[in-house]
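# Coordinate analysis (summary)
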Amino acid sequence: MDFLPDILPLPDKIEPCPGMFELASGTAIVTDPPNVPNAELLRGLLAAPTGFPLPIRTGEAGESNAIVLRLDPRLAARGDEGYRLEVRPDGVLLAAATPRGIGHAVQTLRQLLPAEVETSHPGTGIAWRVRCLIVEDQPRFSWRGFMLDEARHFHGREAVLQILDLMALHKLNVFHWHLTDDQGWRLAIRGWPRLTEVGAWRAGTSKTMLTAQHNGIPHGGSYTRAEISEIVAYAGARHITIVPEIDLPGHSTAALAAYPEFSCTGGPFEVATRFGIFPDLYCAGQDGVLAFLTAVFDEVVDLFPSPFLHIGGDEAPKSRWKHCPACQSRIRELGLKDEHALQVWLTNRIAAHLAPGGRRIIGWNQILGIDLHPDAVIQYWVGDQKELARAVHAGRQVIMSTFLDTYLDHNHSLMPLSRAYRYEPSLPGLDPAEAGILGVEFPLWGEFVHSRARLEYQAFPRLCAVAEAAWTPRDKKNYPDFRRRLEPLLKRLGWLGVGYAPLDEAEPPKWRQFFGPLTIPFPQTKTAR
Ligand code: ACM
Ligand code: ZN
C-alpha cells in the first residue's frame, strides 16, 4: 500500500487497507447504542454536498453500506478524545469511548472524502469514495486553543459559527473568546444594560498604533443572550469548549464608560478609539465593584457551561490604585504588601465566588502572585518563566501562548507558518510531559483585524499548523510532510470560501523572516485577499 492519506493534524497511527468505500444513495448512518451524538453532525456535513438522504437509525456495527458510530468503552485506553476509524469496502466504523472521540473521527472521515464535500453545490459526477484504512488516534495536549479578540473588532455570529466549524475540522477544542476590553464590551448582561448600550460602541478606530487620531466611523456590536446560547450549543455539538474572557481589573475602559462609578476617579470615560494600555481600572476598594463583577460572572456562568472562565488580568497599571483612597484603605485593612497584591486579592475573590459552582478561573501570567488561588490556571504569554516554572512545579496548571511563537496577529514574516508548526511549549527545568502544561493556545488579537477577510488572512494557514502542533506527538511532527498535507486542506478552505495567506507570504524567504522582527507587527497595509 503506497498511499498516504491527507489527514491534518497527523493521526497517531494509519494503516492502509485494500479497496474503497463509496458513499451512495442507500448509505445509512447507524448509531450503536441509539442516540450517539454526532450522527446529526455527520449527516449535516454529508447530506447536502452528496445529495444522499443518509437516514439515521439504530443498529449494530458490521452492517453493510453504513457509517456506524459506536460508543465503545474498550477504547478508553486512548483517553477521552481518542478514536478508531475503520474504512472497509462495505462500510465505515467510527468508534470511541466518548462522543468527543467520535466527533474527531467524524472530522477525520470528512478529510478523507473529496474536498468538494465542503460545499453544498459541488457539481455533479463526483464519486464520494474513501480509500480503505484504519486510523487510531488521540491528541497530544488536552488544551488546543484558539483565541479571538472581538472586543477590538466585532465580527458577529456568522463569523464565529464558521470559526467553530473550522476549529472542529482541525480538532482544536477550546475557543477562548475575548469579549471585553477598552474598545468594546460585547456581551449582554441582564441588569446592566449600559454595558452594551454604551460599552459596545466606540466613536471611531485609530489609524495607526502611534497616533490618537481616529477615523470617525463608529464601530461596535454585541451578542444577545439568545445568540450566545446558539453559539455555545453549536460549539458543544462540535466538542469545543467556549472560554469567555471578561478582562479585569484593566482593559476595562468600555465598562467604565458605561458605569464610571466603578473606577477610582469617577470618570467620565469614553469607549477607547485607540489601542494600547489604559490607566483606568475597576476600583478594588469599592464593595459595589465586587458586587458588579460577581453579578457579571453569575451571568457568564449562566451562559457558558465551560469549567474555565477567563478573567484576563494582563496589563493593569497601578497608578490609579496608588492614588485612590478606597484602594489604599483596602490595602491597609487587608494588610497587603502592595497594589499587585491587591490585584491578586481581587482575582481571588472572583475565583472563590466561582469555585462552589465548579468553575475555575484562568488569567494571563501577570496575575501570578504568592497568594493566588490554587485552582487558578495561568496562561503564559510573556515575561518571567522561572517564577512560573516554580509555580507549575508546585502544582499550578498552565496554558502556553508564548508571545513570539503563538500570536496570530503578528505578521507572517515575524511568525511564519513553520514557527507556528514547530512551537513546543516549555518552561525552564520542566518536562512538558510531566509538567502541569495543559496545552497550547494561539491568540488572534483584533486591533487591526477590521474585517472577516483580515481575520482569515491572519488565522490561515497558521491555524492548520497550530492544529498539528497541538495534536501530533513531537516525534511525529514533520514540516515537509505537513506542507504536503496542507495543500489539499487549503483546497477544502477554498470550497468553504475561507481566505488564507498565500504560502509565499505565510512562509516568506528566510531573509524576510530575518528582518521580520525589526518591523512592527501591525498594522499591515496589505489587503487580505
Ligand atoms: C496580552 O497579550 N495582553 C495577554
Ligand atoms: Zn480605587
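Residues numbered from 1 in each chain as written. Chains lettered and ligands numbered in written order. Predicted model: local features only at pLDDT ≥ 70, side-chain atom pairs only at ≥ 80, totals over all residues. Heavy atoms only, no water.

### Remarks on the confidence of the model for the protein chain
Put simply, the test is: pLDDT expresses how confident the predictor is about each individual residue, on a scale running from 0 to 100. Contacts are assigned to residue pairs that have any heavy atoms within 4.5 Å of one another.
Per-chain confidence: the protein chain averages 93 in pLDDT, with 95% of residues scoring 70 or above. Across residues 517-529, confidence stays below pLDDT 50; counting only partners more than four residues off in sequence or on other chains, it has 26 contacts.

### Topic: the coordination of the zinc ion (ligand 2)
The expected angle between donors at a tetrahedral four-coordinate metal is 109.5 degrees. At an octahedral six-coordinate metal it is 90 or 180 degrees. Threshold: Coordination shells were defined by N, O and S atoms within 2.8 Å of each metal, extended to 3.2 Å for Na, K and Ca; water is absent from the atom set, which can make sites look incomplete. Numbering goes from the N terminus for both helices and strands, where a helix is a DSSP run of H or I of at least four residues and a strand is a run of E of at least two. Relative accessibility decides the category of a residue: with a 1.4 Å probe and only protein chains considered, values under 20% of the type maximum give buried, values over 50% give exposed, and everything between is partly exposed.
The zinc ion (ligand 2) binds to the protein through Cys264 (SG), Cys283 (SG), Cys324 (SG) and Cys327 (SG); the donor distances cover 2.3 Å. On the primary sequence, the residues serving as donors to the zinc ion (ligand 2) are separated as C-x18-C-x40-C-x2-C. One end of the pair, Cys264, is in the loop between helix 6 (253-258) and helix 7 (287-303); the other, Cys327, is in helix 9 (residues 325-334), with 63 residues separating them in the sequence. A relative accessible area of 0% places Cys327 in the buried class.

### What about the sheet that holds strand 2 (residues 28-32)?
As a reminder of what qualifies: In this scheme, strands are said to pair when DSSP sees at least two bridges between them. To get an axis, a line is fitted to the C-alpha atoms, and for a helix only the part in contact is used. The angle between two axes follows their N-to-C directions and goes from 0 to 180 degrees.
Spatial strand order, 1-7-5-6-4-2-3: seven strands in an open sheet with mixed pairing. Lying at the two open borders of the sheet, with one neighbouring strand each, are strand 1 (13-22) and strand 3 (56-58). Sheet twist, expressed as the average angle between the axes of neighbouring strands with direction ignored, equals 20 degrees. Relative to strand 6 (residues 91-96), strand 5 (residues 83-88) runs antiparallel, the two sharing five bridges.

### So, helix 5 (residues 225-237)
Here is the rule we go by: By this rule, a helix spans an expected 1.5 Å times one less than how many residues it contains. Taking the helix axis as origin, the arc is that swept by the directions to the C-beta atoms.
Look at helix 5: 18 Å from first C-alpha to last across 13 residues, which is about the 18 Å you get at 1.5 Å a residue. Listed as buried for helix 5 are Ile228, Ile231, Val232 and Ala235. Viewed along the axis of helix 5, the buried residues span an arc of 100 degrees, placing them on a single side of the element. Those residues of helix 5 that are buried are in contact with helix 3 (157-169), strand 9 (174-178), strand 14 (241-245) and helix 7. Positioned one or two residues after helix 5, His239 has a phi angle of 60 degrees, which is positive.

### Thoughts on the environment of Ile126
If you trace the backbone, Ile126 turns up in the loop between helix 2 (99-112) and strand 7 (129-137). When the C-alpha positions of Ile126 and Gln286 are compared, they lie 66 Å apart, and in sequence the two are 160 residues distant. Those residues in contact with Ile126 that sit more than four places away from it in its chain are Pro114 and Glu116.

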